[in-house]
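# Architecture at a glance
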Amino acid sequence: MKVLVLGATGYIGSAVAGRLAEHGHEVVALVRPAVAGEERVVPGASAVRYGDATDPAALRAAADDADVVVHAAAPAGDAGTELAAVEALLAGGARIVYTSGIWVLGPGASAEDGPLAPIPLVAFRADVERRVREAGGVVIRPGIVYGRGGGIPALLVAKAAEHGRGRYVSADGQEPTWPTVHVDDLADLFAVAVEKAEAGAVLHGVAEEAVPLPAIAEAAGRAAGLGGAGVRAWPVEEAAGDLGPAFAGALALGQSVSALRTREALGWNPYRPGIVAELADGSYRNGRGPAA
């Protein structure tokens, strides 16, 4: 199939583009316009098109001859802008695979058919999800994505190095749990979703349902070369001054998210190392020596 990938140079999008190419699909990458004289090369893409993911005209033109569009571009954060982008993509007749996220579910335990209770940072996604599904598209909600040294865990490593110990954002003294997924396992899910997911499906890209955040923070400290320096809760009010209130609140969110139906429906079987192992001994290590 011919698959247009929005966000193909980003953290998730680049992994997805590469995996789709490995599966034999013709991948066309939509990227922001290059500076004068620069040619953009996207591994796995057979062609590169230039355009902004918030420009409906550019999206319509890019999607016009695609069979599937994978929307993995950074969100605009505004429902009107996101919906306009989706409508432009739908006008070309392609099926959309839209990247949402688990934060749209809100706190607590959730499955694929659970109600939406989005936190403020991602409130716009509820309407976008509904429109994608109404049009027969597919919604994928990744957990906290890690691997390849990137994503939110890289921020935890940087903060551990800055403060001399692992840190995790906490509200009211709670110890949150995070649903997580390795970026390469997530890329596998996108590929199988493009090929086999039913119209209107909601898929959860979650490998570990609820990893204690203190354990993640401790592993981030080890990745920063701090050995057994321990961890410290970072009150959300204090973290808000550094990270912004909305993002700090998101990092303090405690969730347990099931992907059982996704696994059963598509035969998806994530197998990469868990987030704690990846942080402590994998792609996030800063080269300061063996973990203590």
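Residues numbered from 1 in each chain as written. Predicted model: local features only at pLDDT ≥ 70, side-chain atom pairs only at ≥ 80, totals over all residues. Heavy atoms only, no water.

## Quick word on the pairing of strand β7 (residues 138-142)
Along β7, five of the five residues are buried, which leaves the element largely enclosed by surrounding structure. Of the two faces of β7, the one lined by V138, I140 and P142 and the one lined by V139 and R141 are each fully buried. Pairing between β7 and strand β11 (residues 202-205): four bridges, direction parallel. Bridge assignment links V139 to a residue of β11, and that residue is V202. (Buried < 20%, exposed > 50% of the residue type's maximum accessible area, 1.4 Å probe, protein only. Helix = DSSP H or I, 4+ residues; strand = E, 2+ residues; numbered from the N terminus. Pairing = 2+ DSSP bridges.)

## Some details on the sheet that holds strand β2 (residues 26-31)
Taking strand neighbours across the sheet as the criterion, the seven strands line up as β3-β2-β1-β4-β5-β7-β11 in an open arrangement whose pairing is parallel. In this open sheet, the two edge strands, each paired with only one partner strand, are β3 (47-50) and β11. Sheet twist, expressed as the mean angle between neighbouring strand axes with direction ignored, is 20°. Across five bridges, strand β1 (residues 2-6) lies against β2 in parallel orientation. From the neighbouring strand, L4 faces β2, where its bridge partner is V28. (Axes fitted to C-alpha atoms, helices over the stretch in contact; angles between N-to-C directions.)

## With respect to the packing of helix α5 (residues 152-163) against helix α7 (residues 213-223)
The interhelical angle for the contact between α5 and α7, taken along N-to-C directions, is 65°, at an axis separation of 8 Å. Classified by the interaxial angle, the pair formed by α5 and α7 is roughly perpendicular. Viewed along their axes, α5 and α7 form a crossing whose handedness is right-handed. Where α5 abuts α7, its residues L156, V157 and A160 lie against L213, I216, A220, G221 and A223. (Parallel < 35°, antiparallel > 145°, perpendicular 65-115°, else oblique. Left-handed = near helix turned anticlockwise from the far one by under 90°. Contact = heavy atoms within 4.5 Å.)

## Re the packing of aromatic side chains
For the structure shown, the criterion picks out one aromatic pair. A ring pair is formed by W103 and F247, whose centres lie 6.5 Å apart and whose planes are at 65°; its orientation type is edge-to-face. Within this pair, whereas W103 is found in the loop between β5 (95-99) and β6 (108-110), its partner F247 is found in helix α9 (residues 245-251), the two being separated by 144 residues in sequence. Relative accessible area serves as the criterion here: at 24%, F247 is assigned to the partly exposed category. (Phe/Tyr/Trp six-rings, centres within 6.5 Å; stacked < 30°, edge-to-face > 60°.)

## Observations regarding helix α3 (residues 79-91)
The periodicity of an α-helix, 3.6 residues per turn, causes residues three or four positions apart to be oriented the same way. Relative to the 18 Å expected for 13 residues at 1.5 Å per residue, α3 spans 18 Å between its end C-alpha atoms, a close match to the ideal helical length. Every buried residue of α3 is accounted for by E82, A85, V86, A88, L89 and L90. Looking at the buried side of α3, the elements it contacts are β1, α2 (56-63), β4 (68-71), β5 and α4 (125-134). Among the residues of α3, the N-terminal cap falls to D78, whose side-chain oxygen and the backbone nitrogen of G80 are separated by 3.2 Å. Immediately beyond the C-terminal end of α3, within one or two residues, lies G93, with a positive phi of roughly 90°. (Expected span 1.5 Å × (residues − 1). Polar contact = N/O pair within 3.5 Å; in protein donor to acceptor, adjacent residues only side chain to side chain.)

## A short note on the side chain of T99
When you line up the elements, T99 lands in strand β5. Assessed through its relative accessible area of 11%, T99 is described here as buried. At 2.8 Å, the side chain of T99 forms a polar contact with the backbone oxygen of H71. Ignoring anything within four residues of it in the chain, the contact list for T99 reads H71, A72, R125, I140, P142 and F190.

## Some points on the pattern of salt bridges
One pass over the full model with this rule turns up 19 salt bridges. As a salt-bridge pair, D64 and R60 come within 4.0 Å of each other at their nearest N and O atoms. A residue is classified by how much of its surface remains accessible, and R60, at 39% relative accessible area, is partly exposed. Across the pair K159 and E162 runs a salt bridge whose closest N-O atoms are separated by 3.3 Å. Of this pair, K159 and E162 are both found in helix α5, three residues apart, which corresponds to roughly one turn of the helix. Residue classification places K159 among the buried residues on the basis of a relative accessible area of 10%. For E162, a relative accessible area of 53% translates into the label exposed. (Salt bridge = Lys/Arg side-chain N within 4 Å of Asp/Glu carboxyl O.)

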